[in-house]
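Examining the three-dimensional arrangement
Below are the chains, spelled out letter by letter.
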Amino acid sequence: MSDLNDPRVLFAAERTLLAWNRTSLALIAFGFLVERAGLLLNAIAPSQAHAASMVLTFWLGLAFIALGALSAVYSSRQYAAVLKTLSPDEFPEGYEARWGMLVNVVVAILGVGLIVVLYIARP
């Protein structure tokens, strides 16, 4: 349990959570880009596109999206663990500290949904 009784501890933890949220979103976006790169290569030069590269970019992209979703869930879990260690004095009056966690969980759910959609719609 924290003995600092300073709200800056909460805000530092929240900034860390939001940094992980940005990282999760970047991983998901990069995964989508990698997944679509195979289709782009096939559209630009169909004679030079190999089926193996299409399959590789598909699975590599889904792996990056899954990593982004997993990092969103794990960072929310870590943030919840930090919140449990804080004293009531470290929470400003009326401040709801769990909204960042909710956003991260929604990002994770949407990331999993993106994986499902891409898997179902794969060529």
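Residue positions are given per chain, counted from 1 along the sequence in the order it is written. Only residues with pLDDT of 70 or above have their local features reported here, since the model is predicted, and side-chain atom pairs are shown and tallied only from 80 upward, although totals for entire chains, interfaces and linings are computed over all residues. With hydrogens and water set aside, each side-chain value is computed from the structure's full complement of heavy atoms.

Observations regarding the overall build of the protein chain
The line we're drawing: In this description a helix means any DSSP run of H or I spanning at least four residues, a strand means any run of E spanning at least two, and both kinds are numbered starting from the N terminus. In this analysis, two residues are considered to be in contact whenever any of their non-hydrogen atoms come within 4.5 Å of each other. All accessible-area figures derive from a Shrake-Rupley calculation using a 1.4 Å probe, and residue coverage is judged against the displayed protein chains alone. For the charge count, each Lys or Arg is scored as positive and each Asp or Glu as negative, with His and the chain ends excluded. Charge positions are represented by NZ for Lys, CZ for Arg, CG for Asp and CD for Glu.
Within the protein chain, the regular secondary structure consists of three helices and zero strands. On the principal axes, the C-alpha backbone points of the protein chain span a range of 65 × 20 × 20 Å. Contacts spanning at least 24 positions in sequence make up 86% of the contacts within the protein chain whose residues lie at least 6 apart. Total accessible area computed for the protein chain in this model is approximately 7,900 Å², and 71% of it derives from carbon and sulfur atoms. For the protein chain, the distance from the average position of its 8 positive side-chain charges to the average position of its 8 negative side-chain charges is 14 Å.

Re the nonpolar core
Basically, it comes down to this: In plain words, nonpolar cores are sets of buried Ala, Val, Leu, Ile, Met, Phe, Trp, Tyr and Cys residues tied together by side-chain atoms within 4.5 Å. Think of it in three bands: residues with accessible area under 20% of the maximum for their type are buried, residues over 50% are exposed, and the middle band is partly exposed, with areas taken using a 1.4 Å probe on protein chains only.
Ile28, Phe58, Leu62, Ile65, Ala69, Ala72, Val107, Ala108, Ile115 and Leu118 together form the largest nonpolar core, which totals 10 residues. Among the elements of the structure, helix H2 (51–85) and helix H3 (99–120) are those that each provide at least two residues to this core. The element that contributes the greatest number of residues to this core is H2, accounting for five residues. Leaving out residues up to four positions away in the same chain, Phe58 has contacts with Glu35, Leu118, Tyr119 and Arg122.

Some thoughts on the packing of aromatic side chains
For any pair of aromatic rings, the description rests on two quantities: the centre-to-centre distance and the angle between the ring planes. Our working rule: Only rings of Phe, Tyr and Trp enter the pairing, Trp through its six-membered ring, and a pair is recorded when the two centres are within 6.5 Å. The plane angle decides the type: under 30 degrees is stacked, over 60 is edge-to-face, the rest tilted.
Scanning all chains against the criterion turns up five aromatic pairs. Taking the centre distance of 5.0 Å and the plane angle of 80° together, the rings of Phe58 and Trp59 count as edge-to-face. A residue is classified by how much of its surface remains accessible, and Phe58, at 5% relative accessible area, is buried. Among the aromatic residues, ring-to-ring pairing joins Phe58, Trp59 and Tyr119 into one connected group.

Thoughts on the confidence of the model for the protein chain
Note the cut-off: Every residue is assigned a pLDDT by the predictor, reflecting its confidence on a scale from 0 to 100.
Taken over all residues, the pLDDT of the protein chain has a mean of 90, while the share at 70 or more is 96%. Across the protein chain, the secondary-structure element scoring lowest on mean pLDDT is helix H1 (residues 7–44), at 91, and the one scoring highest is H3, at 96.

Some remarks on the environment of Val116
Within the secondary structure, Val116 is located in helix H3. When the C-alpha positions of Val116 and Met101 are compared, they lie 23 Å apart, and in sequence the two are 15 residues distant.

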